[in-house]
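The residues making up each chain are set out below.
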Amino acid sequence: MVNSGVRTSRPTDPRTVAAGVVDPELPMLTLADLGVLRDVRREGGTVVVEITPTYTGCPAMGVMRADLVHALHAAGHERVDVRTVLSPPWSTDRITPEGRRKLAEAGIAPPGTAPVRPAGPVPLQLGPSPRRADCPLCGSPDTEELSEFGATACTALRRCRRCREPFEHVKEI
Amino acid sequence: MHEETVYDALTGAPDDARWAFGTGFDDPLAGVDTTVPEGVAPADLGAYCLMLGDDALVLAQRLTEWITRAPELEEEVAVANIALDLLGQARLLLARTAAAGVLGPCRERAGASVPDEDALAYFRDPGEFRCTALAAAPNGDFAHLVVRLLAAATLRLAAFDRLRSSRDPVLAAVAAKGVAELSYAREHAARWVVRLGDGTAESHRRIRAAVEAVAPLLADVFTPTDVELRLAAGGAAVDPAALRAEVLGVLDAVLAHATLEPPSWPAGAPPRGRLGDHGPEVAELLAGLQGLARAHPEATW
């Protein structure tokens, strides 16, 4: 690679390769941006990657695993073991500042801080949703929720009252 | 590369899981340490995870039946999302059941190429399912959907919240993950119950009828089986009797917001569904759920 002046060298460090794999549902984010990559290490001759599911039923998890294996194979790592880590559970608080910036740039409102739960039973919120999000297009805080559930497990649908554009919002969990 | 058709070119990708939205689903517990903790009977733990997994699998199937029938597009998406969360919980719990060594005759029926999780989902007969009638009852109108979902999500959330401290670390992790998802599901159903109850005369009438129809389904959900009692004593499970006051308290509070009188909640009845004693609706539901896998156990798509 050192002598090849025209070719850009591709990263081979397993951590860099794994961190660069993108989320299949939100391809503007890498797995590192999303905070699902828990650890990348070598155990003997094997690259061990630990990932944590965002939502339990998220079908993107299977694709993420496959993409990780594929990318690491392509970078020359023959033995790859992708392991699931369930605890502690993923939270939107794990999305990095860089990830939040990329979401907003793509027109998706990033999540606020995940709610801190008081002691005792999980409180039930009746009445209008307390979630807030600024419009990622015009920046107005005056937005309304259209649906708590969006096209992917992690998003809600909102609309801006000022510019009238609908947009997606990554729900805080 | 020469390929016969575009489809062949797509499916000929070198790594078989790249098209994971079709075939290629892998073990949801891959890489997770599934050793059963000392002092917990693996057979009991497996049986208990099967109960929780079957509730989720069967209710997910009922919710899925609503797709293309909901009153508005956003609601289809919401119901599909909630069903997907439940299906994800079912996959983990059935995989946990299998990892605890509880498989029974479905393992043989399924054939070697079928993973354990799928053997449990697709190759058990109705009497081998451990879901409650609350999860399995046939669908009614939209009011019935939201009242049943409210009751089922409230019950499951109360159980999962306690299971976060289960002595089985796998079950504890599945529960901790499920709490946030179930809170959303419960909230969504509760808002609809309030909206319909405090809506028009017709929506009020419908939701009241739905409450009357769903209330009897709670008769056996707070009655523990022997398996649950043994595991609860050892800190691995929750005794459903301990959930009764909290669950009915939440339901009463939502109904009061919805301007509805609380129904007379049924007295406790002996467990039925948890022991495999179901009405014909479970066989009917499973025929839809299992038909393809049983006819073509090797099928991929």
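All of these numbers come straight from a predicted model, not from anything done at the bench. (Residues numbered from 1 in each chain as written. Chains lettered and ligands numbered in written order. Predicted model: local features only at pLDDT ≥ 70, side-chain atom pairs only at ≥ 80, totals over all residues.)

> Give me the overall build of chain B: which residues, what numbers.
The helix and strand tally for chain B stands at 12 helices and 0 strands. Listed by position from the N terminus, the elements making up chain B come as α-α-α-α-α-α-α-α-α-α-α-α. Radius of gyration (C-alpha) of chain B: 20 Å, near the 19 Å computed for a compact globule of 301 residues. Counting only C-alpha atoms, chain B reaches 65 × 50 × 35 Å along its principal axes. Among the 301 residues that make up chain B, the fraction classed as buried is 49%. Counting only contacts in chain B whose residues sit at least 6 apart along the sequence, the fraction spanning at least 24 positions is 73%. (Helix = DSSP H or I, 4+ residues; strand = E, 2+ residues; numbered from the N terminus. Rg over C-alpha atoms; globule rule 2.2 N^0.38 Å. Buried ≥ 20, exposed ≤ 12 C-beta atoms within 10 Å, placed from the backbone. Contact = placed C-beta atoms within 7 Å.)

> If you had to explain the overall build of chain A to someone new, which residues and values would you point to?
From N to C terminus, chain A includes 4 helices and 7 strands. Going from the N terminus to the C terminus, chain A shows its helices and strands as α-α-β-β-α-β-α-β-β-β-β. Taken over the C-alpha atoms alone, chain A extends approximately 60 × 45 × 25 Å along its principal axes. Per-residue burial for chain A yields a buried fraction of 41% across its 173 residues. Look at the contacts in chain A between residues 6 or more apart in sequence, and 53% of them connect residues 24 or more apart.

> Could you give an account of unusual backbone geometry, with specific residues and numbers?
Following S87(A), the chain continues to P88(A) via a peptide bond in cis, the omega torsion being -5°. Checked against the element boundaries, P88(A) lands in the loop between β3 (80-84) and α4 (97-105). Here the phi dihedral of T259(B) falls at roughly 60°; this positive angle occurs in a residue that is not glycine. By the secondary structure assignment, T259(B) is in the loop between α11 (244-257) and α12 (280-295). With 13 C-beta atoms counted inside 10 Å, the residue T259(B) sits in the partly exposed group.

> Any details on the interface of chain B and chain A? Residues and values, ideally.
Contacts between the two partners involve 45 residues from chain B and, on the opposite side, 30 residues from chain A. Broken down by secondary-structure element, the contributors of at least two residues to the side of chain B that touches chain A are α3 (73-99), α7 (142-163), α8 (169-197) and α11 of chain B. It is α8(B) that provides the largest number of residues to the side of chain B that touches chain A, a total of 17 residues. Split by residue class, the side of chain B that touches chain A holds 24 nonpolar, 9 polar and 12 charged. (Nonpolar A, V, L, I, M, F, W, Y, C, P; charged D, E, K, R; others polar.)

> Go over the nonpolar core with me, naming the residues and quoting the values.
Counting 142 residues, the largest nonpolar core has V146(B), V147(B), L150(B) and V193(B) as the members making the most contacts within it. Dropping the residues within four chain positions of it, V193(B) is found in contact with V146(B), V147(B), L150(B), I207(B), V254(B) and A258(B). (Core = buried A, V, L, I, M, F, W, Y, C linked by C-beta atoms within 7 Å.)

> I'd like to hear about α8(B), residue by residue, with values.
Residue and element names in this part refer to chain B. Across its 29 residues, α8 extends 41 Å between first and last C-alpha, which sits within 8% of the 42 Å expected from 1.5 Å per residue. The sharpest bend along α8 measures roughly 35° and falls at V179. Among the 29 residues that make up α8, 24 are buried, leaving the element largely enclosed by the rest of the structure. (Expected span 1.5 Å × (residues − 1). Bend = angle between axes of the 7 residues up to and from the residue.)

> Requested: an account of the packing of helix α2 (residues 42-64) of chain B against helix α10 (residues 226-233) of chain B, with residues and values cited.
All names here are of chain B. With their axes 9 Å apart at the nearest point, α2 and α10 run at an angle of 115° to one another. Along this stretch, α2 crosses α10, giving a crossing that reads as left-handed. Contacts between α2 and α10 involve D44, L45, A47 and Y48 from the first element and V227, E228, R230 and L231 from the second. Here the contact of α2 with α10 is built from residues that sort into 5 nonpolar, no polar and 3 charged. (Axes fitted to C-alpha atoms, helices over the stretch in contact; angles between N-to-C directions. Left-handed = near helix turned anticlockwise from the far one by under 90°.)

Functional significance is not addressed by these values, which are geometric in nature.
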